[in-house]
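A structural walkthrough
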Amino acid sequence: MKYTILVFVKQVPDTQNITGDAMKADGTVNRAALPAIFNPEDLNALELALQLKDRYDAKVTVATMGPPAATEVLRNALYRGADEAMLLTDRAFAGADTLATSYALSCVAKQIKPDLILCGRQAIDGDTAQVGPQLAEKLHVPQICYVEEVVALDSGKITARRAIEGGYEILESPLPCLLTVVDANTPRPEAAKRIMKFKRAVTPGELKKRFADADYTEAGDLAAAESSLAAKGLIIKELNAAAVHADPKRIGLAGSPTKVKNIESVVLSGGEAKEVAATAEGINLLIHELITDHTLG
Amino acid sequence: MANFYTENRDLVFTLKNLDLAEAVGMKENNYSCAADFDTAPADYADACDNYDRVLKVVGEICAERIAPRSRTIDAEGPHFENNHVTYHPLTVQNLKDLAQADVMGVVLPHRYGGLNFPCSVYIAITEMVSRADASLQNLVGLQDIAETICDFGNEEQRQAYLPRFCTGEIDGSMDLTEPDSGSDLQSVRLRAWQDKDGNWFLNGMKRFITNGCAKCHLVLARSEDGTSDGRGLSMFIADACPQLVVRRIENKLGIHGVATCELQYNDVPAQLCGQRRRGLTRYVMSLMNGARVAISAQALGIAEAAYTEARKYAAEREQFKKSIDQFPALYDMLCSMKTRIMAARALLYETTRAVDLRNAYNAAAEGENVADETRAKQKYYNKVAGVLTPMCKAQATETANSVAYDAIQIHGGTGYMKDFNVERFYRDARITNIYEGTTQLQVVAAIGGVQQRDNDPRIAELLKCPVPCELTEARKMVEVMYAKQLEAVNFINEKHDSEYRDLMARSLVENETYVFVSLLMLRDANLDADRIAPTLRYILDARPEFEKRFMRIMSDDRTCIESHKSVIDY
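Residues numbered from 1 in each chain as written. Chains lettered and ligands numbered in written order. Predicted model: local features only at pLDDT ≥ 70, side-chain atom pairs only at ≥ 80, totals over all residues.

Here we look at the overall build of chain A
- Within chain A, the secondary structure is distributed over eight helices and eleven strands.
- When the backbone C-alpha atoms are referred to their principal axes, chain A occupies close to 80 × 50 × 40 Å.
- Each of the 297 residues in chain A was classed as buried or not, and the buried ones make up 38%.
- Partitioning the contacts of chain A with sequence separation of at least 6, the portion at a separation of at least 24 is 70%. (Helix = DSSP H or I, 4+ residues; strand = E, 2+ residues; numbered from the N terminus. Buried ≥ 20, exposed ≤ 12 C-beta atoms within 10 Å, placed from the backbone. Contact = placed C-beta atoms within 7 Å.)

In structure tokens form, the structure reads like this:
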């Protein structure tokens, strides 16, 4: 393989199709009420990686940090064409803010040493757009954010087009490099044959749980099942904090300086309609009013 | 995300209750393929899980990607210049999406890169694609060409073509019709000749060829000099080449997204597919029967699309201070549309199930030392699929036309405008009861099976199904209809008047459909209480239609035969 591409993805609650009980009384997201989906812009990042794989000789590895349930997005990435998937999971990672998250992801990236790291611009749950840039900083690699497409990739450098206000710019960067990707491509659908194969892909944790639920008594069974799946490439790697040599003080709640001070539940309601005269003076007055109440400026 | 599979309750119900265990077990070689192919299922439940997952993916592609592109494709269509067809960029994108989803070789065996799915699942995909964009189905459905090569070609031909069909690298066309040979394919004239080394070449014209710009053509040609009937025709595979010229593309009423071509063959190099002289009698008949089931699904997809728009519009449109779906004249139409769609779907998947069993037993009966029981079942399912296929095509395509007609009616003046989708569905539906055999020809294909009572064993089984108590009376009505149908068939059989039989054939076949479908609906109503109301409604609507036809058949009235000229030419 000429290039190794690492795509970081996230399973998020579907905040785009919300129902009545999407928010809890305390103003936090009710994750139980919302279906868990593949973060949309992470799908764009995966699509960009797969396009690069189609154009150049590349291996695409997809990784996510999350609870065991997040394995579902990894399988989905395999259905769409990813070569390999890994789950970073550990109770010690829980409660991470963007700083702790980007640190944990940097530990994975250091092990894989990819030529290219791709992230979606932002996740639809937090909408911070911070993890990608922070990750690049921690890895000391250049970053190109808001990427729409890769113009060229050749030994040692990448040329990418990024969206800017009112247009775009084309940047060149040495490899390794990190890109954050915007919603500028159409992610390919899951492929039937890959679904039929990779629906069996599991993490060792899932496999173990399945055996425990089925009440298997022979210890040998589990090991045999795991090696048989591994031989078919159907084991999704599972990494905990120790496996990626993460400093316990820099991950999870311990590594997260962000504290939520207060959550205010804002209920939007329609106000009175106001008529603005269609004259220069009327518009001036409106703009002045908007600046005064900080809607503008 | 919108999804044409998960959100279509009737389709999900139908597939869930369609017992394909026998056919799938045979097709998967008793699940022994799992060792060689990582896509092969381990058992029937695993296979059903695969179908469900793939249908969900296709359902989403259809609803979220293909349907929103369909208006533009209809308005702009393919481009033709210098004998070259270029498909609309959105059509190309649709095909790319479906190829990436791996559904371009749905029924082809694992070893050629196909999914090895049963016909029933392929038809569900067909239905959804057609609902999203009927014209796209004409391209996607040409994987039937690959299936024909798989069934009748030699191993070398299979290796050469099938894997490329599965990836979407090549597409196909089925070159049958000629300017003077439409329904009457026996008169095909395109000539196949051999040079002294035995190489075949094709010379002549073909017309109305769907996707005639394809890379791989299956061509019906006259290989036997001096013959003039079907037994002088063979089937050939030809690749697109400079000698194969697209002369023009047609300007059609509907299905604008696909190019319908006139082709000129100037000594086009070709390979014989299968045996000489069996082109029409065996291979094309098989190909056409497969295509007829697919067109039934195309029609049903269009009907579903038209109904969905009409239902939505009727709920939103207010007149006289209430939504129009509250007026009896309107909700009556909607009920009728809905039950006719459910009826068409019930018969379609009953047909595909028979087709799957037929295909499985045809495969099982190849080779030596075939058990008598296998042969008997092969014979039985060939008969059943043989009569259900034309019944199904006639019913589904006529339903699509009437549902699309009603959908415009519900929209009123708005529906006549190009701003809404229903006028497109009406135009697209109109070809379905014409191509792959007109409804009149489907009647010809079905009447023999109806007269010989090929459906009776299945009807006997269906009569054993329990019915919910709310439908006891309806069930009695159907029993009466069945008795009358047997009486009518007997009347025609004993009359030995072939012209009268031909005159009444459509009524007889349609009444057979009413009886058969009513029994299917009753069976299903027993599995889901919510289906009781639609089933009752269907049967109550079917009864007067049945009686009208029954009266006509039994009238013994030959005046139409004797005086039709005086009527026509007044």
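Having seen the structure, we can now continue with the description.
Description of the overall build of chain B
- For chain B, the helix and strand inventory stands at 18 helices and eleven strands.
- For 570 residues, the compact-globule estimate of 2.2 N^0.38 gives 25 Å, and the C-alpha radius of gyration of chain B, at 24 Å, lies within 12% of that figure.
- Across its three principal directions, the C-alpha atoms of chain B cover 70 × 65 × 55 Å.
- Out of the 570 residues belonging to chain B, those deemed buried represent 50%.
- Intrachain contacts of chain B at a sequence separation of at least 6 include 76% that bridge at least 24 residues. (Rg over C-alpha atoms; globule rule 2.2 N^0.38 Å.)

Focus on the domain arrangement of chain B
All names here are of chain B.
- The domain architecture assigned to chain B consists of domain 1 (1-141), domain 2 (172-277), domain 3 (280-437) and domain 4 (455-562).
- Averaged C-alpha coordinates put domain 1 and domain 2 at centres separated by 28 Å.
- Each side of the interface is counted separately: domain 1 has 15 residues, and domain 2 has twelve residues.
- Ranked by the residues each element gives to the side of domain 1 that touches domain 2, the list is headed by helix H6 (residues 134-140), at five residues.
- In the side of domain 1 that touches domain 2, the residues fall into seven nonpolar, six polar and two charged. (Domains from an automatic or database assignment. Nonpolar A, V, L, I, M, F, W, Y, C, P; charged D, E, K, R; others polar.)

Some details on the pairing of strand S7 (residues 143-154) of chain A
Residues and elements named next belong to chain A.
- Two strands pair when backbone bridges link them, and S7 and strand S10 (residues 177-181) are joined in this way by three bridges, in the parallel orientation. Looking at S10, one finds that Gln 143 is bridged to Leu 178.
- Pairing analysis gives six bridges linking S7 to strand S8 (residues 157-164), with the strands arranged antiparallel. Paired with Val 150 across the two strands is Ala 160, which belongs to S8. (Pairing = 2+ DSSP bridges.)

Details of the interface of chain A and chain B
- Every contact between the two is made by eleven residues of chain A and, on the other side, 13 residues of chain B.
- Grouping the amino acids of the side of chain A that touches chain B by side-chain chemistry returns five nonpolar, no polar and six charged.

Comments concerning the confidence of the model for chain B
- Put simply, chain B has an average pLDDT of 96, and 100% of its residues get 70 or more.
- Of the two predicted TM-score estimates for the complex, the pTM is 0.92 and the ipTM is 0.91. (pLDDT = per-residue confidence, 0-100.)

Details of the environment of Leu142(B)
Residues and elements named next belong to chain B.
- Along the chain, Leu 142 turns up in the loop between H6 and helix H7 (143-152).
- Looking at Leu 142, the number of C-beta atoms within 10 Å reads 24, which means it is buried.
- Between the C-alpha atoms of Leu 142 and Asn 211, which are 69 residues apart in sequence, the distance is 8.7 Å.
- Setting aside its immediate chain neighbours within four residues, Leu 142 contacts Asp 171, Gly 172, Ser 173, Asn 211 and Ala 214.

A short note on the environment of His256(B)
All names here are of chain B.
- Its place among the elements puts His 256 in the loop between strand S8 (244-249) and strand S9 (260-273).
- Looking at His 256, the number of C-beta atoms within 10 Å reads 23, which means it is buried.
- Sequence-distant contacts of His 256, defined by excluding residues within four places in its chain, comprise Ile 73, Asp 74, Gly 77 and Ser 135.

Here's the deal with unusual backbone geometry
- Residues Leu175(A) and Pro176(A) are joined by a peptide bond in cis, for which omega reads -5 degrees.
- Considering the arrangement of structural elements, one finds Pro176(A) in the loop between strand S9 (167-174) and S10.
- Phi is positive for His140(A), which is not a glycine, with a value near 60 degrees.
- Despite not being glycine, Tyr31(B) shows a phi value in the positive range, around 60 degrees.

Comments concerning helix H3 (residues 98-112) of chain A
Residues and elements named next belong to chain A.
- Compared with an ideal rise of 1.5 Å per residue, which puts 15 residues at 21 Å, H3 spans 21 Å between its outermost C-alpha atoms and is within 8% of the ideal.
- For H3, the full list of buried residues reads Ala 100, Thr 101, Ser 102, Ala 104, Leu 105, Ser 106, Cys 107, Val 108 and Ala 109.
- Here the buried face of H3 lies against strand S1 (3-9), strand S4 (58-65), strand S5 (84-88), strand S6 (116-120), helix H4 (131-139) and strand S11 (237-239).
- Of the residues one or two after H3, Lys 113 is the one with positive phi, at around 55 degrees. (Expected span 1.5 Å × (residues − 1).)

A look at the nonpolar core
- Within the largest apolar cluster, 241 residues are counted, with the highest numbers of intra-cluster contacts made by Val7(A), Leu118(A), Val58(B), Phe236(B), Ala303(B), Ala306(B) and Ala404(B).
- For this core, the leading source of residues is helix H9 (residues 279-316) of chain B, giving 20 residues.
- Setting aside chain neighbours within four positions, we find Ala306(B) in contact with Val403(B), Ala404(B), Ala407(B), Val422(B) and Phe425(B). (Core = buried A, V, L, I, M, F, W, Y, C linked by C-beta atoms within 7 Å.)

Topic: the sheet that holds S1(A)
Residue and element names in this part refer to chain A.
- Across the sheet, nine strands lie side by side as S9-S8-S7-S10-S6-S1-S4-S5-S11; this open sheet has mixed pairing. Each end of this open sheet is capped by a strand with a single partner; those strands are S9 and S11. On average, each strand axis in the sheet is inclined to that of its neighbour by 30 degrees, with strand direction left out of account.
- Where S4 lies against S5, five bridges are found, and the strand directions are parallel. Opposite Val 62, over in S5, you have Ala 85 as the bridge partner.
- Set on the sheet, helix H2 (residues 71-80) makes contact with S1, S4 and S5; between it and S5 the angle comes to about 170 degrees. (Axes fitted to C-alpha atoms, helices over the stretch in contact; angles between N-to-C directions.)

Some points on the packing of helix H3 (residues 44-76) of chain B against helix H4 (residues 89-100) of chain B
Residue and element names in this part refer to chain B.
- Two numbers describe how H3 lies on H4: the axes approach to 9 Å, and their chain directions differ by 165 degrees. By the criterion of interaxial angle, the relationship of H3 to H4 is roughly antiparallel. In this structure, H3 crosses over H4, and the sense of that crossing is left-handed. Judged by residue contacts, Ile 61, Arg 65, Ile 66, Arg 69, Thr 72 and Ile 73 of H3 engage Leu 90, Thr 91, Asn 94, Asp 97 and Leu 98 from H4.
- Taken together, the residues that form the contact of H3 with H4 break down as five nonpolar, three polar and three charged. (Parallel < 35°, antiparallel > 145°, perpendicular 65-115°, else oblique. Left-handed = near helix turned anticlockwise from the far one by under 90°.)

Focus on the environment of Gly386(B)
Residue and element names in this part refer to chain B.
- Take Gly 386: it is sitting in helix H11 (residues 372-411).
- Under the C-beta neighbour-count criterion, Gly 386 is labelled partly exposed, with 19 such atoms within 10 Å.
- Note: C-alpha distance between Gly 386 and Val 103 (283 residues apart in sequence) is 27 Å.

A short note on the pairing of strand S6 (residues 216-222) of chain B
Residue and element names in this part refer to chain B.
- For S6, the buried fraction is high: seven of the seven residues fall into the buried class.
- Both strand S3 (residues 172-175) and S6 contribute to a ladder of four bridges, which runs parallel. Within the sheet, the bridge partner assigned to Ser 173 lies in S6 and is His 217.
- The pairing of S6 with strand S7 (residues 233-239) spans seven bridges and is classified as antiparallel. Residue pairing for S7: Cys 216 is matched across the bridge by Asp 239.

What to know about H11(B)
- With 40 residues, H11(B) extends 57 Å from end C-alpha to end C-alpha; this agrees with the ideal 58 Å at 1.5 Å per step.
- Backbone geometry just after H11(B) places Gly412(B) at a positive phi near 65 degrees.

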